[in-house]
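Results of the structural survey
Here are the chains, one letter per residue:
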Amino acid sequence: MNCREAQQALHVAPFTDAADVRAHAAHCKACGHVAIELIRLECVIRDVALSVRVPEGLWARVLLRKRLGLMRCLRRMLHHVLPTHGFACIARRPCRDE
Ligand SMILES: [Zn+2]
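What counts and how
Residues numbered from 1 in each chain as written. Predicted model: local features only at pLDDT ≥ 70, side-chain atom pairs only at ≥ 80, totals over all residues. Axes fitted to C-alpha atoms, helices over the stretch in contact; angles between N-to-C directions. Helix = DSSP H or I, 4+ residues; strand = E, 2+ residues; numbered from the N terminus. Parallel < 35°, antiparallel > 145°, perpendicular 65-115°, else oblique. Contact = placed C-beta atoms within 7 Å. Nonpolar A, V, L, I, M, F, W, Y, C, P; charged D, E, K, R; others polar. Core = buried A, V, L, I, M, F, W, Y, C linked by C-beta atoms within 7 Å. Buried ≥ 20, exposed ≤ 12 C-beta atoms within 10 Å, placed from the backbone.

**Digging into the packing of helix H2 (residues 19–27) against helix H3 (residues 29–51)**
Their axes nearest at 5 Å, the elements H2 and H3 cross at an angle of 110°. With respect to each other, H2 and H3 are oriented roughly perpendicular. Residues His24, Ala25 and Ala26 of H2 pack against Cys31, Gly32 and Ala35 of H3. Looking at the contact of H2 with H3, its residues break down into 4 nonpolar, 2 polar and no charged.

Next comes the structure, spelled out in structure tokens:
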């Protein structure tokens, strides 16, 4: 493993357990420094992410949007697919997304 490969792997997963990456970083000063800096940065990001207060009811709004998106997708499917298969009476309602 060379330095480019080791540093690419470290950028993807600073806490990697990959033996070849860890062995390279342990013996290469430049990659060891990169590993330490990336782990430090990852810890800062985790601390910041965990300190963000989640707004009240956010999870419910996220679920609602997800369900509305699914309903729009199903309506689109009903509008376009069913009439061609002889189920025009089911898909009569116009699709507003277009
Ligand atoms: Zn290296």
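**Concerning the nonpolar core**
Counting residues in hydrophobic clusters, the biggest one holds 7 residues: Ala6, Ala9, Leu10, Val21, Ala25, Cys31 and Ala35. Of all the secondary-structure elements, those providing two or more residues to this core are helix H1 (3–12), H2 and H3. Among the elements that make up this core, the one with the highest residue count is H1 (3 residues). Non-local contacts of Ala6, meaning those with residues more than four positions away in its chain, are made with Met1, Val21, His24, Ala25, Cys28 and Cys31.

**With respect to the packing of H1 against H3**
Two numbers describe how H1 lies on H3: the axes approach to 10 Å, and their chain directions differ by 10°. As the angle between them shows, H1 and H3 are arranged roughly parallel. Residues Cys3, Ala6, Gln7, Leu10 and His11 of H1 form the contact with H3, whose own contacting residues are Ala30, Cys31, Val34, Ala35 and Leu38. Looking at the contact of H1 with H3 residue by residue, the class counts come to 8 nonpolar, 2 polar and no charged.

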